[in-house]
Amino acid sequence: MMRGRSSWFLSVLLPCVACGDDTTATTESISTTDTGTSTTDDATTGAPTTEAPTTGAPTTSAVSDSETGTTTGETTTTTGETTTTTGETTTTTDASTIAETSSSTTEDTSSTTDTSTTGGLCDDGPDGDGDGVPDACDACQGGDDALDGDGDGIADACNVCPEDPEGDSDMDGVCDGEDLCLAGPDDVDVDNDGTPDACDDEVDLGIDTPIDDYDVAADGALVVVRGDAGALKVTCWNGDGTVRRPEFTAGSYDAGQALGAKPEIHIAREAQKVLVTWFDAGGNPANHRIAYSLLSNECEAIVTGETAIALPDAYFEFHNAAIDAAGNSVITVSPNQTLITFVDADGVAGAQQEAFDIDAVYGDHVALNQVTGEGIVAAQQHSGNGIYYRRFQPGGVGWIDPGPVQLPVNYHYWYDGFTVGMNDQSEFVFLWRSGGTTLDMRFFAADGTDVADVQRTTIDFEGWDGGHCYDSFRRRHQEVPVRGDDFVLGEVYNWITPQQNRVVHHFAYTPLGELLGEGETDVNLDEGLTIRVDGAGRSFLRGPSGIVVRADYP
C-alpha cells in the first residue's frame, strides 16, 4: 500500500483591531492659512464663516464641546493637524491620531493628549499576562505585547518563529529560515529520498500491490483497481496522499474465465465519484457482460455489480469507459457491432445502444468533454485503414454525427492500434502507430474539421526488422489526458520491446497541433499510454514497479 502522510496545521492569534470606543472625539474649528480670506465651518451650525487672513497671530473662533454641547470662546492657532489653544488652553489632536508635540502660549497652559475613556473594554479589564494591556484588547495573552524580537508585528510569546520575520509560510512547523521545502511540509516524503514531496520532481508512491488500472482526479486523488481470484480490489487515496479507503472489494467476476476481468477504473475530475468496469463471463442476464460499480466520493458503494452491456458468448476483451467531471459515465465495447451504454451520476444505466456496426472486434475507445458530457466513441477493423468514430450528445440523448465517420490513416496495426482524447471545448485528437518508427497524431476542431496532422519519428521499439507495432494500445483505459485544453500524448510500444529500450517520450500539444513541451521517462509499460495528469499539472506515470508522480512533466 502507499505509505500514509501527515500534515501539521498551526494557528496564530491575531491582534484585536477594534476593541470598543475608548477615545472621546473632539470637534475642532480649523483655520486655513491663505493669502486671501479664510473660510471656517462654524462648529455649532456647520455653516461656513469668513475670517480675516491669518498671519500666524491667534484668532478667536467658537469650539463646540462634543460631550456637553456648550460652546466656549477660545483662541486657536492652527498648524497642520495640531491645534494649540490659549485661555483655558489644551493642546489636542484629531481623535484618530496621537499628539507628537504640544506647546502652551500662556504661563498656566497645560499640554495633554485626549485619552479619556467611556467605559470601553480596555478601561480596567483583567490583564492576565501583566503586560499592561487588558485581556480584551491584548494581541498576545501569553506574554508581553511589546516584546517582538524579529519585528514582524507578532509578540514573541505568540510567535511560532520569534527569530524569523518570515515565520512559517507553508505552515509545516518549520520556520522558513530552516525549512527544506517552502512549497509544502518537510515531513511528507513518501519515497524517503530526503526531498519533501512538495519539492520533489519525482515521487515514487510506493504502491506494493499489483495494478490493473488507475486514475487521478483534479486534486491528485488516486484510485487503483486489480482483479484477484474473482474479486475486484480497489484502493482510494486523497489528494494529499493519505488513504481515503483501504483496499476493498468493489465487484466480482467468474474467476475461471480465460480473459480475466480486464478491469478499468475512472474517477470524476471534480465530483470524485469512481466508476469500475470489468468483463464477467458468468454474469446475468446474459452469459457475457460488461459489469460496473459506481462509488461515492468517499469510495463507498452507490451501486455494485450492475450490467452495462450484455450479449451471449460475445468477445468482450476490448471494452472501454469514461466519466465526466460530475460523475456521469459511458461504457462501450465492440463484439462485431459497437455497443454503448450511458450511466448517470446515480449509477442508473440507460438502454444498451448500437453506436455503429463496422464489424469491429478490436480497438474500442471513448473520451468525454468533462464539462458537458458530450463525447466520442471509436473502434477499428483489424488493421489497415479502418478506424471509425461517432460523436454523441451529453447523456446519450442523441448523436452529433448521423453515422460512423472514417478516420483516413496511412496504416494502423491490429488488436488495438489507436486511442482518442477530447478536451473541455469538444476538440479531439487521435493517436496511432503507422510504422515501426512512426507515430501519428491528428487534431480536430469541435465541429469535426481536421485542423492538423503531426507525425513523429521514434526508435524501433519492437526491435524486429520492419517493426511490429500490433498491440501498442491493448492495455485498457487509454483515453488521452488533457492539461487545460491541451493534450498530453506519448510514445507506445508492444510487449516485444526489450526493457532496456523502454525509455519513452511524452509530449504536450495544443488543439491546433502545436508542440508545447516534451520529456522522457523510463517509468512506463508496454501496450499503452500509461500517463494521467491532475489539475496541478503533475503527471502520474505507471511502470512495472508502481506509480511515480512527476512535476511539470512533460
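For the structure itself, consult the block above.
Presented here is an overview of the structure given in this document. The shown structure was predicted, so the numbers you read here are calculated from the model rather than taken from an experiment. (Residues numbered from 1 in each chain as written. Predicted model: local features only at pLDDT ≥ 70, side-chain atom pairs only at ≥ 80, totals over all residues. Heavy atoms only, no water.)

Moving on: the overall build of the protein chain. Looking only at helices and strands, the protein chain features 0 helices and 34 strands. Sequence-distant contacts in the protein chain: of pairs separated by 6 or more residues, those separated by 24 or more amount to 46%. Put simply, the protein chain shows about 24100 Å² of open surface, and 49% of that area lies on carbon and sulfur atoms. (Helix = DSSP H or I, 4+ residues; strand = E, 2+ residues; numbered from the N terminus. Contact = heavy atoms within 4.5 Å. Areas by Shrake-Rupley, 256 points an atom, 1.4 Å probe, with all protein chains shown as cover.)

This brings us to the sheet that holds strand β17 (residues 329-333). In spatial order, the strands read β16-β17-β18-β19; together these 4 strands make up an open sheet with antiparallel pairing. Of all strands in the sheet, those bounded by a partner on one side alone are β16 (320-323) and β19 (353-360). Here the average twist between neighbouring strands, direction ignored, is 15 degrees. The pairing of strand β18 (residues 336-343) with β19 spans 5 bridges and is classified as antiparallel. Opposite Gln 337, over in β19, you have Asp 357 as the bridge partner. (Pairing = 2+ DSSP bridges. Axes fitted to C-alpha atoms, helices over the stretch in contact; angles between N-to-C directions.)

Here we take up the pairing of strand β21 (residues 375-380). With 6 of 6 residues buried, β21 lies mostly within the body of the structure. Every second residue of β21 is oriented toward a common face, with Gly 375, Val 377 and Ala 379 on one face and Ile 376, Ala 378 and Gln 380 on the other, all of them buried. Linking strand β20 (residues 362-368) to β21, which pair antiparallel, is a turn of 6 residues; within it Gly 373 sits at a positive phi near 90 degrees. For β21 and strand β22 (residues 387-392), the ladder comprises 6 bridges, and the chain directions are antiparallel. Residue pairing in the sheet places Ala 378 in a bridge with Tyr 389 of β22. Between β21 and β22, which pair antiparallel and follow one another directly, the connecting turn spans 6 residues, one of which, Gly 384, has a positive phi of 105 degrees. (Buried < 20%, exposed > 50% of the residue type's maximum accessible area, 1.4 Å probe, protein only.)

Our next topic: the sheet that holds strand β34 (residues 546-550). The strand order across the open sheet built from 4 strands is β7-β34-β33-β32, with neighbouring strands paired in antiparallel fashion. Lying at the two open borders of the sheet, with one neighbouring strand each, are β7 (202-204) and β32 (531-533). Neighbour-to-neighbour, the strand axes of this sheet turn through a mean angle of 25 degrees, independent of strand direction. Sheet topology places β7 next to β34; 3 bridges connect them, and they run antiparallel. Within the sheet, the bridge partner assigned to Val 203 lies in β34 and is Val 549.

A few words now on the state of the cysteines. Within this structure, the stated rule accounts for 4 disulfides. Paired by a disulfide, Cys 181 and Cys 199 hold their sulfur atoms 2.1 Å apart. Torsion about the S-S bond of the Cys 181 and Cys 199 cystine: about 85 degrees, corresponding to right-handed handedness. Linking Cys 181 in the loop between β6 (92-93) and β7 with Cys 199 in the loop between β6 and β7, this pair joins segments that are 18 residues apart in sequence. On the basis of relative accessibility, which here comes to 1%, the residue Cys 181 falls in the buried class. Residue classification places Cys 199 among the partly exposed positions, given a relative accessible area of 35%. In this model Cys 236 forms its disulfide with Cys 299; the gap between the sulfur atoms is 1.9 Å. Between Cys 236 and Cys 299, the disulfide has an S-S torsion of -95 degrees and is therefore left-handed. (Disulfide = S-S within 2.5 Å.)

With that settled, the discussion passes to the side chain of Ser 472. By secondary structure assignment, the location of Ser 472 is in the loop between β27 (450-457) and β28 (482-483). Among residues more than four places away in sequence, those in contact with Ser 472 are Asp 416, Arg 433, Val 492, Tyr 493, Asn 494, Glu 527 and Gly 528.

Take the pattern of salt bridges next. According to the stated counting rule, one finds 20 salt bridges in the structure shown. Among the ionic pairs, Asp 471 bridges to Arg 474, the shortest N-O distance being 3.1 Å. Here Asp 471 falls in the buried class, since its relative accessible area comes to 5%. Overall, the relative accessible area of 23% leaves Arg 474 in the partly exposed class. The partner of Asp 526 in a salt bridge is Arg 502, and the shortest N-O contact between them spans 3.9 Å. Residue Asp 526 is found in the loop between β31 (515-521) and β32, and its partner Arg 502 is found in the loop between β29 (486-490) and β30 (504-509); the two are separated by 24 residues along the sequence. Exposure class is identical for Asp 526 and Arg 502. Each is buried. Bridged by salt links that share partners, the residues Lys 262, Glu 317, Asp 471 and Arg 474 form one connected network. (Salt bridge = Lys/Arg side-chain N within 4 Å of Asp/Glu carboxyl O.)

So, about the nonpolar core. Leu 431, Met 441, Phe 443, Phe 487, Leu 489 and Tyr 509 are the most contacted members of the largest nonpolar core, which totals 23 residues. Elements supplying a minimum of two residues to this core: β25 (428-435), β26 (438-444), β27, β29, β30 and β32. The next biggest cluster of nonpolar side chains, apart from the first, holds 19 residues, and it includes Val 223, Ala 250, Ile 265 and Cys 299. (Core = buried A, V, L, I, M, F, W, Y, C linked by side-chain atoms within 4.5 Å.)

Relative to the helices and strands, Tyr 292 resides in strand β14 (residues 289-295). Of the residues examined, Tyr 292 reaches a relative accessible area of 2% and is grouped as buried. Separated by 55 residues in sequence, Tyr 292 and Gly 347 have C-alpha atoms that sit 8.9 Å apart. A distance of 2.7 Å separates a polar side-chain atom of Tyr 292 from the backbone oxygen of Gly 347. (Polar contact = N/O pair within 3.5 Å; in protein donor to acceptor, adjacent residues only side chain to side chain.)

Burial runs high along β14: 7 of the 7 residues are buried. Neither face of β14 is left uncovered, since the one carrying Arg 289, Ala 291, Ser 293 and Leu 295 and the one carrying Ile 290, Tyr 292 and Leu 294 both have all their residues buried. Pairing of strand β13 (residues 274-280) with β14 involves 7 bridges; the strand directions are antiparallel. Across the sheet, residue Leu 275 finds its bridge partner in β14, namely Leu 294. Inspection of the sheet shows β14 paired to strand β15 (residues 301-310) by 6 bridges, in the antiparallel sense. Following the sheet pairing, Leu 295 is matched in β15 by Ala 301. If you look at the hairpin formed by β14 and β15, you'll find 5 residues sitting between the two strands, and Cys 299 has a positive phi there, around 65 degrees.

With that settled, consider the packing of aromatic side chains. One pass over the structure, following the stated rule, counts 20 aromatic pairs. Ring centres 6.2 Å apart and planes at 85 degrees place the aromatic pair Tyr 415 and Tyr 470 in the edge-to-face group. Residue Tyr 415 is located in the loop between β23 (405-407) and β24 (418-422), and its partner Tyr 470 is located in the loop between β27 and β28; the two are separated by 55 residues in the primary sequence. Of the residues examined, Tyr 470 reaches a relative accessible area of 15% and is grouped as buried. Ring geometry for Phe 430 and Phe 444: centres 6.2 Å apart, planes at 80 degrees, overall edge-to-face. Separated by 14 residues along the polypeptide, Phe 430 in strand β25 and Phe 444 in strand β26 bring together distant segments of the chain. According to the relative accessible area criterion, Phe 430 is buried, its value standing at 0%. What makes Phe 444 buried here is its relative accessible area of 5%. The structure contains a cluster of three or more aromatic residues connected by ring pairs, namely Phe 318, Tyr 362, Tyr 411, Tyr 413, Trp 414, Tyr 415 and Tyr 470. It is Arg 456 that lies over the ring of Phe 507; its NZ or CZ is 3.8 Å from the centre. (Phe/Tyr/Trp six-rings, centres within 6.5 Å; stacked < 30°, edge-to-face > 60°. Lys NZ or Arg CZ within 6 Å of the ring centre and 35° of its normal.)

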